[in-house]
Amino acid sequence: MTASRRSRDPPSPNSILDRQALIRALDERNISLKSQHIDAFYQSLHRQHYPPLDKFVETYYLNEAKLSLDDAPTLPLKNKLSKKKN
C-alpha cells in the first residue's frame, strides 16, 4: 500500500497564512522574530479558528492589557502578617 500525500492549494498571494511570505515581508521591513514567536503566532491563530485579522489583533490587545493588569504591583496589606506559629 503506497502512502499518498494529500496536497492543498497554496494560500492566496500576500496571505498571512503563507509563512514564507510573512517572513519575507518582515525581513523587508527589517523586523526579526525568533521562530518560536512565529510558531506561537500561528498557534494562536489556529486556536482562535483563524479569525479576521482585525478581530485577532483586537483579541491580542485585550489579552495583553489583561496580562499587564495581572503583573501590576500589589498594594501593601492593611494589617501586617502575624509571625505567630500555629
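Computed from a prediction, not measured in an experiment: that's the story for all the values here. (Residues numbered from 1 in each chain as written. Predicted model: local features only at pLDDT ≥ 70, side-chain atom pairs only at ≥ 80, totals over all residues. Heavy atoms only, no water.)

K.L.:
Would you explain a nonpolar patch on the surface in this entry?
P.N.:
On the surface, Ile16, Leu17, Tyr50, Leu53, Val57, Tyr60 and Tyr61 cluster together into a nonpolar patch covering about 670 Å² of accessible area. Take Tyr61: it is sitting in helix α3 (residues 53-70). Owing to a relative accessible area of 54%, Tyr61 belongs among the exposed residues under this scheme. (Patch = residues over 30% accessible without salt bridge, like charges linked within 9 Å, V, L, I, M, F, W, Y side chains within 5 Å. Areas by Shrake-Rupley, 256 points an atom, 1.4 Å probe, with all protein chains shown as cover. Salt bridge = Lys/Arg side-chain N within 4 Å of Asp/Glu carboxyl O. Helix = DSSP H or I, 4+ residues; strand = E, 2+ residues; numbered from the N terminus. Buried < 20%, exposed > 50% of the residue type's maximum accessible area, 1.4 Å probe, protein only.)

K.L.:
Even after reading the chapter, I still don't get unusual backbone geometry, so can you show me in this structure?
P.N.:
It is generally the case that most residues other than glycine have a negative phi and that most peptide bonds are trans. Of note, Asn30 is a non-glycine position whose phi angle comes to about 55 degrees, a positive value. One non-glycine residue, Tyr50, adopts positive backbone phi at about 55 degrees. Judged by relative accessible area, which is 44%, Tyr50 ranks as partly exposed.

K.L.:
For this particular structure, what's the right way to read helix α1 (residues 19-28)?
P.N.:
Along an α-helix, residues three or four apart share an orientation, since each turn contains 3.6 residues. Listed in full, the buried residues belonging to α1 are Ala21, Leu22 and Leu26. Within α1, the buried residues cover an arc of 135 degrees as seen down the axis, which keeps them to one side. Tucked inside the fold, the buried residues of α1 contact α2 (35-47). Looking one or two residues beyond α1, the residue adopting positive phi is Asn30, at roughly 55 degrees. (Arc of directions from axis to C-beta. Contact = heavy atoms within 4.5 Å.)

K.L.:
Honestly, the environment of Leu26 in this entry has me stumped. Any pointers?
P.N.:
Its location among the elements puts Leu26 in helix α1. When its relative accessible area of 16% is taken as the criterion, Leu26 is described as buried. For Leu26, the contacting residues outside a window of four places in its chain are Ile31 and Leu33.

K.L.:
Looking at this structure, I do not really get the pattern of salt bridges. What am I missing?
P.N.:
Pairs may arise between side chains of opposite charge once their charged atoms sit close together. Evaluation of the coordinates by the stated rule reveals one salt bridge. Its salt-bridge partner being Asp39, residue Arg19 comes within 2.6 Å of it at the nearest N-O pair. One end of the pair, Arg19, is in helix α1; the other, Asp39, is in helix α2, with 20 residues separating them in the sequence. Of the residues examined, Asp39 reaches a relative accessible area of 38% and is grouped as partly exposed.

In short, shape yes, function no, at least from these values alone.
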